[in-house]
Amino acid sequence: MKIPFIDFRREYRDLKKELDSAVKRVINSGHYILGKEVEEFEKALADYIGVKYAVGVGNGTEALHLALLAGGVKPGDEVITAVNTCAPTISAIMACGAIPVLVDAHPLSYCLDSAAIPAKITKKTKAVIPVHLYGQMSNMGHLMAIGKRYNLKIIEDCAQASGAKYKNKMAGSFGIAGCFSFYPTKNIGALGDGGMISTNSRDLAVECRRLRNYGETTRYKHDSLGFNSRLDEIQAALLRVKLKKLDEWNRRRRAIAERYKAGIDNPDVILPEEMECARHVYHLFVIRVKRRDYFRNVLKAKGIPTLIHYPIPMYRQKFYLDLTRKRDYFPVADQLAEEIVSLPLYPYLRDEEVDYIIKIVNSYRPVK
Ligand SMILES: *Cc1c(COP(=O)(O)O)cnc(C)c1O
């Protein structure tokens, strides 16, 4: 068997009629930037998340960047986030001229360890970005309490967690803003780039709308710096179709995760854990193995591709070290970076493919 890590064509075959007609509708409308499709998708996503406003932007990185700016993050401020996130979270902080301050991962959830946050707070700390990594929400109960106690803004990185919940409340409805990515691999993906900021604050929404469109307050009037970061009409029209499928897709992701968990009984494999209050949406199915590179080669030889999310913790990245020159220790993230490996998981992965992967994973023996 040869299994693709992800195959967008399976999804397209399923939704071809609706997606084709959405694109045609936009082309025929003659309106391609900031029109009705973006407005309707913003409304639909805000409703889905349970917030008052949503602002479509160019991508997930820009969602974080603009939300941080709108949240008042200034050059020299410090923003706390997860050491085991991917680069865009850190880039967005640096793009504001702010300094990323990293905390280690929680050994069970792999999200940032909220208990490690207070020790990192200084007079300059302005915000915390919990990254809902792999589709599981961070410990929002504790995080919101920390935010309140130390007067810090919480901006959620929901790029991997569209549709995830914490105690029945949606990802993106906790902080002053939630930042979503519609990169094609995400739980709801565009056929290109896209992003969204969710918020209950009218002021923050207005400011994000200004920032995404050259900083225009009213037509041709610019009071401060702005950018070009817009979700376009075609992507919004496609995403409107896909949003209707998101819950069904997330249920399918959870069913595949359950199948993996029930089937994998190799004592050399550590399975992902679902935290008590979190409804995981399995953007990724991340297991841990000893001799990870050998494991990947064994699977590859059997037609099973795997990926690593992510092989190098952010505190070891040159772009971070060049800015901070900080020496710090992240033992959990370091260990994870050596052991984690992502198995294929997407809604259109077939049961027989999952069963085949389970069989090969169970036959793996790390050579002594
Ligand atoms: C994908 C991702 C981003 C960036 O989103 P883009 O749309 O690719 O800019 C940010 N944070 C996390 C955790 C992501 O997975």
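Worth saying up front: this structure is predicted, and the values here are computed from it rather than measured.

Parameters at a glance
Residues numbered from 1 in each chain as written. Predicted model: local features only at pLDDT ≥ 70, side-chain atom pairs only at ≥ 80, totals over all residues. Heavy atoms only, no water. Helix = DSSP H or I, 4+ residues; strand = E, 2+ residues; numbered from the N terminus. Buried < 20%, exposed > 50% of the residue type's maximum accessible area, 1.4 Å probe, protein only. Contact = heavy atoms within 4.5 Å. Salt bridge = Lys/Arg side-chain N within 4 Å of Asp/Glu carboxyl O. Patch = residues over 30% accessible without salt bridge, like charges linked within 9 Å, V, L, I, M, F, W, Y side chains within 5 Å. Areas by Shrake-Rupley, 256 points an atom, 1.4 Å probe, with all protein chains shown as cover. Axes fitted to C-alpha atoms, helices over the stretch in contact; angles between N-to-C directions. Parallel < 35°, antiparallel > 145°, perpendicular 65-115°, else oblique. Left-handed = near helix turned anticlockwise from the far one by under 90°. Nonpolar A, V, L, I, M, F, W, Y, C, P; charged D, E, K, R; others polar. Near = heavy atom within 4 Å. Polar contact = N/O pair within 3.5 Å; in protein donor to acceptor, adjacent residues only side chain to side chain. Phe/Tyr/Trp six-rings, centres within 6.5 Å; stacked < 30°, edge-to-face > 60°.

Observations concerning the overall build of the chain
Right, on to step 1. Along its length, the chain carries 12 helices and 15 strands.
Right, on to step 2. By its C-alpha atoms, the chain is 65 × 55 × 35 Å across when sized along the principal axes.
Right, on to step 3. Counting all 368 residues of the chain, 55% fall into the buried class.
Right, on to step 4. Of all intrachain contacts in the chain linking residues separated by at least 6 positions in sequence, the fraction that spans at least 24 positions is 71%.

Re the pattern of salt bridges
It is possible for side chains bearing opposite charge to pair when their charged atoms get close.
Right, on to step 1. According to the stated counting rule, one finds 27 salt bridges in the structure shown.
Right, on to step 2. Between arginine 288 and glutamate 339 there is a salt bridge, with the nearest N and O atoms lying 3.0 Å from each other. Placement of arginine 288 in strand S14 (residues 285-289) and of glutamate 339 in helix H11 (residues 331-339) is noted, with a sequence separation of 51 residues between them.
Right, on to step 3. Judged by its relative accessible area of 7%, glutamate 339 falls in the buried class.
Right, on to step 4. Between aspartate 293 and arginine 292 there is a salt bridge, with its nearest N and O atoms 3.4 Å apart.
Right, on to step 5. In this structure arginine 292 comes out as buried when scored by relative accessible area, which is 10%.
Right, on to step 6. Connected through shared salt-bridge partners, Asp7, Arg9, Arg10, Arg350 and Glu353 make up one network.

Some points on a nonpolar patch on the surface
Right, on to step 1. On the surface, Ile27, Tyr32 and Ile33 cluster together into a nonpolar patch covering about 280 Å² of accessible area.
Right, on to step 2. Within the secondary structure layout, tyrosine 32 lies in the loop between helix H1 (8-29) and helix H2 (36-49).

Some points on the packing of H1 against helix H7 (residues 233-243)
Right, on to step 1. The N-to-C vectors of H1 and H7 enclose an angle of 140°; their axes lie 9 Å apart at closest approach. What the angle tells us is that H1 and H7 run oblique. Here H1 and H7 pass one another in a crossing that is right-handed. Across from Glu11, Leu15, Glu18, Leu19, Ala22, Val23, Arg25, Val26 and Ile27 in H1, the residues of H7 making contact are Glu233, Ile234, Ala237, Leu238, Arg240, Val241 and Lys242.

Considering the packing of helix H3 (residues 60-70) against helix H4 (residues 87-95)
Right, on to step 1. Remark: H3 packs on H4, axes separated minimally by 8 Å, with the N-to-C direction vectors making an angle of 35°. Note that H3 runs across H4; the crossing there is right-handed. Only Pro88, Thr89, Ala92, Ile93 and Ala95 of H4 make contact with H3, whose side of the interface consists of Thr61, Leu64, His65 and Leu68.
Right, on to step 2. Residue composition of the contact of H3 with H4, by class: 6 nonpolar, 3 polar and no charged.

Remarks on the site of the ligand
Right, on to step 1. Taken together, 13 residues sit near the ligand, with Gly60, Thr61, Asp157, Ser181 and Lys186 positioned nearest.
Right, on to step 2. A distance of 2.8 Å separates an oxygen atom of the ligand from a polar side-chain atom of glutamine 160.
Right, on to step 3. Starting from 380 Å² of accessible surface for the ligand in isolation, the protein chains cover 90%.
Right, on to step 4. Elements supplying a minimum of two residues to the shell around the ligand: H3 and H4.
Right, on to step 5. Here the shell around the ligand is composed, by residue class, of 5 nonpolar, 6 polar and 2 charged.

With respect to the packing of aromatic side chains
Right, on to step 1. By the definition in use, this model includes 9 aromatic pairs.
Right, on to step 2. Here the aromatic rings of tryptophan 249 and tyrosine 348 are separated by 6.3 Å at their centres, their planes lie at 70°, and the arrangement is edge-to-face. Taken together, the residues tryptophan 249 in helix H8 (residues 246-263) and tyrosine 348 in the loop between strand S15 (340-343) and helix H12 (351-363) connect sequence positions 99 residues apart. Both residues of the pair, tryptophan 249 and tyrosine 348, belong to the buried class.
Right, on to step 3. An aromatic cluster is built from Tyr260, Tyr282 and Phe285, whose rings are joined through pairwise contacts.

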